[in-house]
Amino acid sequence: MYRVASIEGDGIGPEISRATRLVLNAVNTRLGIRMEFMDVEAGDSALARYGRALPEKSLEMIRNSHVCIKAPIGESAADVIVYLRRLLDLYANIRPAKTYPGVRGLKDGIDLIIVRENTEDVYSGLEYDIGSDAKIAIKVTTRKACMRIAEHAFRIAEARKGKRSVVAVHKANLLRKTDGLFASCCNEVASRHPSIRFAHMYVDACAMNLIRNPEEFDVIVTMNMYGDILSDEAAQVIGSLGLAPSANVGDEYAIFEPAHGSAPDIAGKGIANPLSLILSAGMMYEWLARRYSDVKCAEASKLIEASVCNVLSKGIATPDLGGKSSTDDVAYAIVEEIR
Ligand code: ATP
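Treat the numbers as computed from the prediction; the structure is a model and nothing was measured. (Residues numbered from 1 in each chain as written. Predicted model: local features only at pLDDT ≥ 70, side-chain atom pairs only at ≥ 80, totals over all residues. Heavy atoms only, no water.)

## So, the sheet that holds strand S9 (residues 197-202)
Link 1 in the chain: With respect to topology, 10 strands assemble into an open sheet ordered S2-S1-S3-S12-S11-S4-S5-S10-S8-S9, the strand pairing being mixed. In this open sheet, the two edge strands, each paired with only one partner strand, are strand S2 (35-39) and S9. Recorded for the sheet is a direction-independent mean angle of 20 degrees between the axes of neighbouring strands.
Link 2 in the chain: Contacts between helix H8 (residues 224-238) and the sheet are confined to strand S4 (92-98), strand S5 (111-117), strand S8 (165-170) and strand S10 (219-222), with S5 contributing the most and set at about 160 degrees to the helix. (Pairing = 2+ DSSP bridges. Helix = DSSP H or I, 4+ residues; strand = E, 2+ residues; numbered from the N terminus. Axes fitted to C-alpha atoms, helices over the stretch in contact; angles between N-to-C directions. Contact = heavy atoms within 4.5 Å.)

## Looking at the packing of helix H1 (residues 13-31) against helix H9 (residues 275-291)
Link 1 in the chain: In contact at an axis separation of 9 Å, H1 and H9 are set at 40 degrees when each is read in the N-to-C sense. Compared by their axis directions, H1 and H9 come out oblique. Handedness of the crossing formed by H1 with H9: right-handed. Packed against H1, whose contacting residues are Ile16, Ser17, Thr20, Val23, Leu24, Val27 and Asn28, the element H9 presents Ser276, Leu277, Ile278, Ala281, Met284 and Tyr285 at the interface.
Link 2 in the chain: Of the residues belonging to the contact of H1 with H9, the class tally is 9 nonpolar, 4 polar and no charged. (Parallel < 35°, antiparallel > 145°, perpendicular 65-115°, else oblique. Left-handed = near helix turned anticlockwise from the far one by under 90°. Nonpolar A, V, L, I, M, F, W, Y, C, P; charged D, E, K, R; others polar.)

## What to know about the layout of surface pockets
Link 1 in the chain: Of the voids in this model, the largest pocket is the one considered here, and its volume is about 1300 Å³.
Link 2 in the chain: Residue lining of the largest pocket: 35 residues in total, with Ile113, Arg160, Met283, Glu286 and Arg290 positioned closest to the centre.
Link 3 in the chain: Where the lining of the largest pocket is concerned, the elements lending two or more residues are S4, S5, helix H5 (143-159), strand S11 (245-249), H9 and helix H10 (295-313).
Link 4 in the chain: Counting residues per element, the lining of the largest pocket draws most heavily on H9, at 7 residues.
Link 5 in the chain: Split by residue class, the lining of the largest pocket holds 20 nonpolar, 5 polar and 10 charged.
Link 6 in the chain: Taken together, domain 1 (1-91 + 245-339) and domain 2 (106-237) each give at least three residues to the lining of the largest pocket, which thus spans both.
Link 7 in the chain: Considering only enclosed or pocket space, the second largest pocket measures out at about 380 Å³ in volume.
Link 8 in the chain: If you go around the second largest pocket, you meet 19 residues; those closest to its centre are Ala77, Ile81, Val82, Arg85 and Asp228.
Link 9 in the chain: Of all the secondary structure elements, the ones that give two or more residues to the lining of the second largest pocket are helix H4 (77-87), H8 and strand S12 (254-258). (1 Å grid on protein atoms, 1.4 Å probe; cavity = no way out; pocket = protein on both sides within 12 Å on 5 of 7 lines; lining within 4 Å. Points joined across faces, edges and corners; volume = space filled by probe spheres on them. Domains from an automatic or database assignment.)

## Quick look at the domain arrangement of the protein
Accessible area lost when the parts come together is the quantity often used to give the size of an interface.
Link 1 in the chain: Each assigned domain of the protein is listed here: domain 1 (1-91 + 245-339) and domain 2 (106-237).
Link 2 in the chain: Placing the centre of domain 1 and that of domain 2 at their C-alpha centroids yields a distance of 25 Å.
Link 3 in the chain: Each partner contributes residues to the interface: domain 1 has 9 residues there, and domain 2 has 10 residues.
Link 4 in the chain: For the pair domain 1 and domain 2, the summed buried area comes to about 910 Å², and 45% of that belongs to carbon and sulfur atoms.
Link 5 in the chain: On the domain 1 side of the contact with domain 2, Arg85, Arg86 and Tyr91 bury the most area, a combined 65% of that side's loss.
Link 6 in the chain: Counting the contacts that link domain 1 with domain 2 gives 1 salt bridge.
Link 7 in the chain: With a shortest N-O distance of 2.7 Å, arginine 148 and aspartate 89 are connected by a salt bridge.
Link 8 in the chain: On the surface where domain 1 and domain 2 come into contact, there are 7 residue pairs in polar contact (both at pLDDT 80 or more).
Link 9 in the chain: With 3 residues, the single largest contributor to the side of domain 1 that touches domain 2 is H4.
Link 10 in the chain: Along the lines of polarity and charge, the residues of the side of domain 1 that touches domain 2 split into 5 nonpolar, 1 polar and 3 charged. (Buried area = accessible area lost by both parts, 1.4 Å probe. Salt bridge = Lys/Arg side-chain N within 4 Å of Asp/Glu carboxyl O. Polar contact = N/O pair within 3.5 Å; in protein donor to acceptor, adjacent residues only side chain to side chain.)

## Considerations on the site of the ligand
Link 1 in the chain: Taken together, 13 residues sit near the ligand, with His260, Gly261, Ala263, Asp265 and Asn273 positioned nearest.
Link 2 in the chain: At 2.7 Å, a backbone N or O of glycine 261 approaches an oxygen atom of the ligand.
Link 3 in the chain: In the environment of the ligand, an oxygen atom lies 2.9 Å from a nitrogen or oxygen atom belonging to the side chain of aspartate 265.
Link 4 in the chain: For the ligand, the protein covers 61% of the area, taking 620 Å² as the surface of the free molecule.
Link 5 in the chain: Within the shell around the ligand, the residues separate by chemical class into 5 nonpolar, 5 polar and 3 charged. (Near = heavy atom within 4 Å. Areas by Shrake-Rupley, 256 points an atom, 1.4 Å probe, with all protein chains shown as cover.)

## Structural notes on the environment of isoleucine 110
Link 1 in the chain: Structurally, isoleucine 110 can be placed in the loop between S4 and S5.
Link 2 in the chain: Taking the C-alpha atoms as reference points, isoleucine 110 and alanine 234, separated by 124 residues in sequence, lie 9.5 Å from one another.
Link 3 in the chain: The residues touching isoleucine 110, leaving out its near neighbours within four places in the chain, are Ala97, Lys98, Thr99, Pro214, Glu215, Val237 and Ile238.

## Re the side chain of serine 124
Link 1 in the chain: By the element assignment, serine 124 lies in the loop between S5 and strand S6 (127-129).
Link 2 in the chain: Setting aside its immediate chain neighbours within four residues, serine 124 contacts Arg86, Thr119 and Val140.

## A short note on the pattern of salt bridges
Link 1 in the chain: Considering all chains together, one arrives at 23 salt bridges under this definition.
Link 2 in the chain: Two residues, arginine 192 and glutamate 188, come together in a salt bridge whose shortest N-O distance is 4.0 Å.
Link 3 in the chain: Residue arginine 192 is classed as partly exposed on the basis of its relative accessible area, which comes to 49%.
Link 4 in the chain: Counted as one network, the salt bridges with shared partners bring together Arg143, Glu151, Arg155, Glu188 and Arg192. (Buried < 20%, exposed > 50% of the residue type's maximum accessible area, 1.4 Å probe, protein only.)

So this is what it looks like as structure tokens:
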């Protein structure tokens, strides 16, 4: 029995969480996977209720679970997900972006993964006032974090049926010490993986190439902030942020969540695309499959991916993808496919 901590989130979070739960229940019933969901309070609603975005009880529930699935959180995101990534040492943020049938992106044939370092950089929370008119933020880069994220990226490139290439994205020409360390660690790890093609690219060039020739990328490994920005760009290149799943992975635990935010502009309208969270659930099964050598979970991951593709091929899609379907229409269509 898997204990899954589930955070429903803010904004569109509750809508896409409900839709995803329907899909998870259908998958578990079809494949006989035993899964218990523990609803964990976190985010803006928890802050309003308890004065803390991540109350102690919620943290305890997360610690007592096998894995967590989480919808986006609003203003208090830094106090929940950024905090959890560091606390649980979820050092790799995996953000795939691929072309889906029936979805018009900027180009066809895209299948890339952004592997983003998830624990340091300017997200370390080291911001200071220098008097009232100047502020500084400190960019933290350690050899340990650079080596393990690079190793993770090369292992992903080896396991994929992709182009077997890794591009390290940074700005080492300007930030010679911090990004320079990242670049040299990537070189060191690359030398241990001679079967993978390896190149460096400055982040500004990468932003341009993701629009000019996104289909040429396979695995991109990059630092925390660059990964945050480039993954939103990659999601729009394949059609919508609503199609962008992600995984925060450590050695012992993982949290799966959409790459996007809580989208307050469309909250409550029933039009949010639930696929980002449903595809994140697919990644969750894949992780469970590997961690617990569970063939049923491996099957579940493939079933979700195939069902999403079938539904999109039929033109069942939310307005962000040019469709007319609601969040629930998409979820029910996927449930039908799964059954
Ligand atoms: P954050 O800073 O928390 O990442 P953001 O300011 O980048 O948030 P998002 O909430 O990610 O903003 O939304 C950016 C745009 O993408 C908004 O117009 C939003 O409506 C749209 N969007 C995001 N997620 C979805 C979704 N699942 N379905 C449809 N549109 C979405």
